[in-house]
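# Close look at the chain arrangement
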Amino acid sequence: MKPAWSILPDEWKPILAERGLRPFRADQILQALYRDYITDWDQATTLPKDFRETLKVEFPLTKAETLDVSKASDGTQKLLIGFEDGNSVETVLIPATGRFTQCISTQVGCGMGCAFCASGSQGVVRSLTADEIVAEYMAGRRLGEITNIVVMGMGEPFANYDETMRALKLINAGKGPNLGARHITLSTCGVVPGFRRLADEGIQFELSVSLHAASDGLRSQLMPVNRKWPLDELLEACAEYTRKTKRIITFEYTVIKGVNDSRACAEDLARQVKRVPMAKVNLIPLSPVAHRPDFKTPDDQTMLMFLDVLMKNRVQTMLRRSRGKDADAACGQLRLRHLPGAKQQ
């Protein structure tokens, strides 16, 4: 048994040939899966009934149920997707002019333990399989035409590299969902071996790195991963990646009031980022999380100060605004509300 959403488009014809079936059936399968958005093989009416029964047994559709939806006034929707084993993950749909972005998860929870992340506050339960990641994407796709994917949801994608990459290759495939590689962004907290593996793929996926501090002492407090791969090692891996791929790396810097929001922090950030050719910075004001009430959102003047420092140091910078503040914006919050023993607000 192999889940249908884990099979790359080019793999269907050999599967059919083994069963004595004609190649054109592969196109019918792909049409049903990625154009008609079927949730049950019986809905694939172009396929013979007896073959549909075979598909149910040998290539089942992954069960993924939308357990909850949290909607924000800006149009952002956060979906809680439940799987057959009782575990759940979040996916977020973010509308903008000419864009409809989906933020997808790769693990149930997260084992990286970043201080400001609701996902990491409960640890990692397990990694998602490729078909579960695609099922998560399909749950969003049924609500609108996805133009961009950011792998910035629950979990660390480089800690689940093989399954994440298979899912993204499927979503990128021409006869699959056919979402362009440059419209897919992976975000890592700094798992250094993943940089080399991704560079060797030869696929033009975008890459972002959650930095959030520009000194080892502070970054190790906020992001325990820094104790294993400190800044010098991380930034060298980033520089090597850009040299090999000729692709820009985006550094994500979440500004937390009174923690990493000083002018000295901004100057350190500019200095560190300039060590990496072809780099840019996204500045993000913190979305408050319930498990860290001491972490506060910075004011607009602080965000503009950061922007000014970086631009004066000739660092390409984008000031992001938080989306979905009234939809449990921070990653992992909607799932936490559904865990046994959680306090309902």
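To keep things clear, this report deals only with the structure shown in the data block.

Parameters and conventions
Residues numbered from 1 in each chain as written. Predicted model: local features only at pLDDT ≥ 70, side-chain atom pairs only at ≥ 80, totals over all residues. Heavy atoms only, no water. Buried < 20%, exposed > 50% of the residue type's maximum accessible area, 1.4 Å probe, protein only. Helix = DSSP H or I, 4+ residues; strand = E, 2+ residues; numbered from the N terminus. Pairing = 2+ DSSP bridges. Right-handed = clockwise from strand over helix to strand, strands pointing away. Polar contact = N/O pair within 3.5 Å; in protein donor to acceptor, adjacent residues only side chain to side chain. Contact = heavy atoms within 4.5 Å. Phe/Tyr/Trp six-rings, centres within 6.5 Å; stacked < 30°, edge-to-face > 60°. Lys NZ or Arg CZ within 6 Å of the ring centre and 35° of its normal. Axes fitted to C-alpha atoms, helices over the stretch in contact; angles between N-to-C directions. Expected span 1.5 Å × (residues − 1). Salt bridge = Lys/Arg side-chain N within 4 Å of Asp/Glu carboxyl O.

### Notes on the pairing of strand 8 (residues 184-188)
With 5 of 5 residues buried, strand 8 lies mostly within the body of the structure. Going residue by residue along strand 8, you find I184, L186 and T188 tucked away on one face and T185 and S187 tucked away on the opposite face as well. As judged from the 3 bridges shared by strand 7 (residues 148-151) and strand 8, these two strands associate in the parallel manner. By the bridge assignment, I149 is partnered in strand 8 with I184. Note on the crossover from strand 7 through helix 5 (residues 161-172) to strand 8: the handedness is right-handed. Sheet analysis places strand 8 next to strand 9 (residues 206-210), joined by 4 bridges and oriented parallel. Within strand 9, the residue paired with T185 across the bridge is E206. Crossover handedness for the path strand 8 to helix 6 (residues 193-201) to strand 9: right-handed.

### Details of the side chain of N160
Inspection of the secondary structure assignment puts N160 in the loop between strand 7 and helix 5. From its side chain, N160 meets the backbone oxygen of T106 in a polar contact 3.0 Å long. In contact with N160, not counting residues within four places along its chain, are T106, Q107, S127, L128 and I133.

### Considering the packing of aromatic side chains
In total, this model carries 4 aromatic pairs according to the counting rule given. Between F158 and F195, the ring centres sit 5.9 Å apart and the planes meet at 70°, which makes this aromatic pair edge-to-face. Remark: F195 occurs in helix 6 and F158 occurs in the loop between strand 7 and helix 5; sequence separation between them is 37 residues. Assessed through its relative accessible area of 8%, F158 is described here as buried. One aromatic cluster is present, formed by F158, Y161 and F195 through successive ring pairs. The ring of F295 carries R292 above its face, with NZ or CZ at 4.0 Å from the centroid.

### Focus: the sheet that holds strand 2 (residues 77-83)
Sheets are built from strands that pair by backbone hydrogen bonding, the pairs being arranged parallel or antiparallel. Strand order across the open sheet formed by 10 strands is 1-2-3-4-7-8-9-10-11-12, with mixed pairing between neighbours. Single-partner strands in this sheet number two, and they are strand 1 (64-71) and strand 12 (316-319). Put simply, the sheet's adjacent strands are angled 25° from each other on average, direction ignored. Sheet contacts for helix 10 (residues 263-273): strand 10 (249-255) and strand 11 (279-285); angle to strand 11, the most-contacted strand, approximately 150°.

### So, helix 5
Here helix 5 spans 16 Å end to end across 12 residues, near enough to the 16 Å set by a 1.5 Å rise per residue. Residues of helix 5 that are buried include every one of Y161, T164, M165, A167, L168, L170 and I171, and no others. Among the structural elements, helix 2 (24-34), helix 4 (130-141), strand 7, strand 8 and helix 6 are those in contact with the buried residues of helix 5.

### Notes on the environment of D294
Examined against the element boundaries, D294 turns out to sit in the loop between strand 11 and helix 11 (300-312). The class for D294 is partly exposed, based on a relative accessible area of 44%. Considering only alpha carbons, one finds D294 and A96, 198 residues apart in sequence, at a separation of 31 Å.

### A look at the environment of L170
Along the chain, L170 turns up in helix 5. Linking L170 and A130, residues 40 residues apart in sequence, is a C-alpha distance of 9.0 Å.

### What about the pattern of salt bridges?
With the rule as written, the count across this model stands at 22 salt bridges. A salt bridge links R166 to E11, with the shortest nitrogen-to-oxygen separation between them at 3.0 Å. Residue R166 is found in helix 5, and its partner E11 is found in the segment before helix 1 (12-18); the two are separated by 155 residues along the sequence. Classification of R166 as partly exposed rests on a relative accessible area of 25%. Its salt-bridge partner being D200, residue K244 comes within 2.2 Å of it at the nearest N-O pair.

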